[in-house]
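One-letter residues, chain by chain:
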Amino acid sequence: MPPADPFDDDKLREECGVFGVVGVTDASNFVALGLHALQHRGQEAGGIVTHDVETGFSQQRRMGLVRDNFTSAAMMERLPGTIGIGHVRYSTAGSKGQTAMRDVQPFFGEFSMGGAAIAHNGNITNALSLRRELIERGSIFQSSSDSECIIHLMARSMGRNIPDRMEEALRKVEGAFSIVAMTRTKLIGCRDPLGVRPLVLGKIGDGWALASETCALDIIGAEFVREIEPGEMVVVTEKGVASHFPFRPNRARFCIFEHVYFSRPDSILGGRSVYETRENIGRELAKENPVDADLVCPVPDSGTPAAIGYSLESGIPYAMGIIRNQYMGRTFIEPTESIRNMGVRLKLNVNRALIKGKRVILVDDSVVRGTTSRKIKEMILDAGAAEVHFRIASPPTQWPCFYGVDTPQRDKLLAATMTEDEMRDHLGVDSLKFISLNGLYRAVGEAKGRDPNAPAYCDACFSGEYPVAPSDMIEQGFQAKTAAE
C-alpha cells in the first residue's frame, strides 16, 4: 500500500517519543499532553499506561494521532492514577508502515514483585539474535517490536526489584535506547551508554516528568531540570530522584540528525536551542555554498530556520515562496494514482506572485530519495522562477540508520548511488549543494569541525561509521563501510 502522506516516502522519520510523570493528580492527562507535544516523533499510534492504588494498572492503545484518541473525558477516566507513561510510534523494527495494535507501546508485564510497563525510543541492533535465544528458552512473543525483548529479558532476570531487572536486561541489549518505564510507585528513565537518543527530566509541582524533548515539558508547565546522561538510570518517586550509572562508561555519541531535523525547533538539546542550531546550519551552508540569487525560500516547515540563517549570512532576502497547507489530514488522500500524484500540491503551494521571474534558493533539511525535491522544483518552475538552486542543511544521506530512524535501504538513498553533480542533474535544478560534515559539526558547536578519530556525535547516516555494529543487519547481508570508502 502506498504511503498516506505525500512526504512519507521521502523523509527520514524519527520513530518514537516517550513521556512519563509521577506524583501528579490525573497523570494520564499530563501524559496525553506530553505525547501531543511529541507527535512529530511518531504519528501512527500511541498508548498510555497508568497506575491507581485502588484500581491497579490501566492501559489504552490506539491507532492514529493523540488528539483523535486521548482527548475525551470518557477515555481519560479509564486511565486513573498519579503515575503514568506513554509512547507515540512510527513503525520501528516491526511492521514498517503497517502498525498492528500488538506492536503499540507501552508494553506491560506482570512480574513476581508486581507489574511494570516500558516505553522505548531507539532500536535494538541485536534484537533478532536475542529473540531467537529467548524463543528457544520458552518465551512467547506477542509483537514484532524489538522493544518486547526487554520485557522478556526482565522476566528471566533474578534481580530483586524492577529497576535491577531492567539493568540486567539492558546490559544484554545493543543499539540505542531511551526508556521510560513505571512500576506501581516508581518512574524509571534510562539512556544507552552512547546516549544516541534524547531523554530529559523535569519538575512539575511536587511531581516529576521524563520526556524525549523539552518541548513536552513546556506543554505541561514543567521546569526543565536536566538531561538524563548517557548510560544513566534514574528512579523517580514522589520523594525525589535517585541516579546511578549501571553500564560500562563509553564516549557519548548523540544523534546529530536530532539537531538537523528530528527534534522540534523549540526544544533544547545539549544546552543548545535547536532553532538557533538550525539557523547556524543555514549560516554555515551560506558560507560554504554561496550563489547569486534573488530569494531564499524554505521548504516548509523543517527547512525554515536554516533558510533564515542562509538569508542572514548571505544578505539575500528571505521569503515564504512556498506555503504549507496546515489543515490537510493524513486521511484526505485517497489511494488512487491521480490523487497521489497531487500529493505534494495538496500539502504545499507556490506563492506565484513572489516567485515569478526570480532566481530562487530552496533550503531543505535533507534529500533522501529525491522524489519530493523533484516535484517541488517542478512547482517552482511552473510558477515562473528563472532559476532554482537547492541548498541542503545536512550532508548527503548515504547510509541507513539502525538506531531508531526509519531509513530506506541503502540502494534507495539517492546520495548512495549518485555523485552530487549526478543528483543535481537528476533533480533538474541549476545547482545543488550540501553542507559539509565539518560545517555541520561547527554549526552544532564543535569549532574545529569533526574529529575523525573521536567524533562527538553519531553521524553514521552521513559517514557510514556506526558506533555500534548493526549485528542483525550484518547477519542478513548488510555491507558495512570498508576502509576504501
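Residues numbered from 1 in each chain as written. Predicted model: local features only at pLDDT ≥ 70, side-chain atom pairs only at ≥ 80, totals over all residues. Heavy atoms only, no water.

### Comments concerning the overall build of the chain
Of regular secondary structure, the chain possesses 19 helices and 25 strands. Taken over the C-alpha trace, the chain has a radius of gyration of 23 Å; the compact-globule value for 485 residues is 23 Å, and the two agree within 12%. Projected onto the principal axes, the alpha-carbon positions of the chain cover approximately 70 × 55 × 40 Å. Residues classed as buried in the chain amount to 58% of the 485 residues present. Contacts in the chain between residues at least 24 apart in sequence constitute 68% of all its contacts with a sequence separation of at least 6. Carbon together with sulfur atoms contributes 50% to the accessible area of the chain, which is approximately 19700 Å² in total. Both charge centroids of the chain, one from 55 positive and one from 62 negative side chains, sit 1 Å from each other. (Helix = DSSP H or I, 4+ residues; strand = E, 2+ residues; numbered from the N terminus. Rg over C-alpha atoms; globule rule 2.2 N^0.38 Å. Buried < 20%, exposed > 50% of the residue type's maximum accessible area, 1.4 Å probe, protein only. Contact = heavy atoms within 4.5 Å. Areas by Shrake-Rupley, 256 points an atom, 1.4 Å probe, with all protein chains shown as cover. Lys, Arg positive; Asp, Glu negative; His and termini not counted. Charge placed at Lys NZ, Arg CZ, Asp CG, Glu CD.)

### As for the packing of aromatic side chains
Within this structure, the stated rule accounts for 12 aromatic pairs. Centroid distance F257 to Y261: 6.2 Å. Interplanar angle 65°. Geometry classified as edge-to-face. You can see F257 and its partner Y261 sitting in helix 8 (residues 257-262), 4 residues apart, about one turn around the helix. Taking the centre distance of 5.5 Å and the plane angle of 35° together, the rings of F402 and Y466 count as tilted. Here the residue F402 occupies a position in the loop between strand 22 (387-392) and strand 23 (405-406), and Y466 occupies one in the loop between helix 18 (460-463) and helix 19 (471-475), the gap between them amounting to 64 residues. As far as the burial class goes, F402 and Y466 line up, both buried. (Phe/Tyr/Trp six-rings, centres within 6.5 Å; stacked < 30°, edge-to-face > 60°.)

### Comments concerning the packing of helix 4 (residues 127-136) against helix 5 (residues 148-156)
The geometry of helix 4 relative to helix 5 is characterised by a closest axis approach of 10 Å and an angle of 45° between their N-to-C directions. Judged on the interaxial angle alone, helix 5 and helix 4 are oblique. The handedness of the crossing between helix 4 and helix 5 is left-handed. Between helix 4 and helix 5, the contacting residues are A127, L130, R131 and L134 on the first element and C149, H152, L153 and R156 on the second. The residue inventory of the contact of helix 4 with helix 5, partitioned by class, reads 5 nonpolar, 1 polar and 2 charged. (Axes fitted to C-alpha atoms, helices over the stretch in contact; angles between N-to-C directions. Parallel < 35°, antiparallel > 145°, perpendicular 65-115°, else oblique. Left-handed = near helix turned anticlockwise from the far one by under 90°. Nonpolar A, V, L, I, M, F, W, Y, C, P; charged D, E, K, R; others polar.)

### Some words on the sheet that holds strand 21 (residues 359-364)
Judged by pairing direction, the sheet is parallel, and its 4 strands sit side by side in the order 18-21-22-24 without closing on themselves. For this open sheet the edge positions go to strand 18 (295-298) and strand 24 (431-434), each flanked by a neighbour on one side alone. The mean inter-strand angle of the sheet, taken between neighbouring strand axes irrespective of direction, is 20°. Pairing between strand 22 and strand 24: 4 bridges, direction parallel. Each residue of the ladder has a partner; that of H389, found in strand 24, is S431. The strands that helix 9 (residues 274-288) touches are strand 21, strand 22 and strand 24; relative to strand 24, the one it contacts most, it runs at about 125°. Across the sheet, helix 14 (residues 371-382) lies against strand 21 and strand 22, angled at about 150° from strand 22, the strand it touches most. (Pairing = 2+ DSSP bridges.)

### Describing unusual backbone geometry
With an omega dihedral of 5°, the bond running from Q105 to P106 counts as a cis peptide bond. Turning to its location among the elements, P106 is positioned in the loop between strand 5 (83-89) and strand 6 (107-111). Following P300, the chain continues into D301 via a peptide bond in cis, with omega recorded as -5°. Within the secondary structure, D301 is located in the loop between strand 18 and helix 10 (304-314). If you check the backbone angles, D26 has positive phi at about 55° while not being a glycine. Topologically, D26 is positioned in the loop between strand 2 (16-22) and helix 1 (27-37). Of the residues examined, D26 reaches a relative accessible area of 44% and is grouped as partly exposed.

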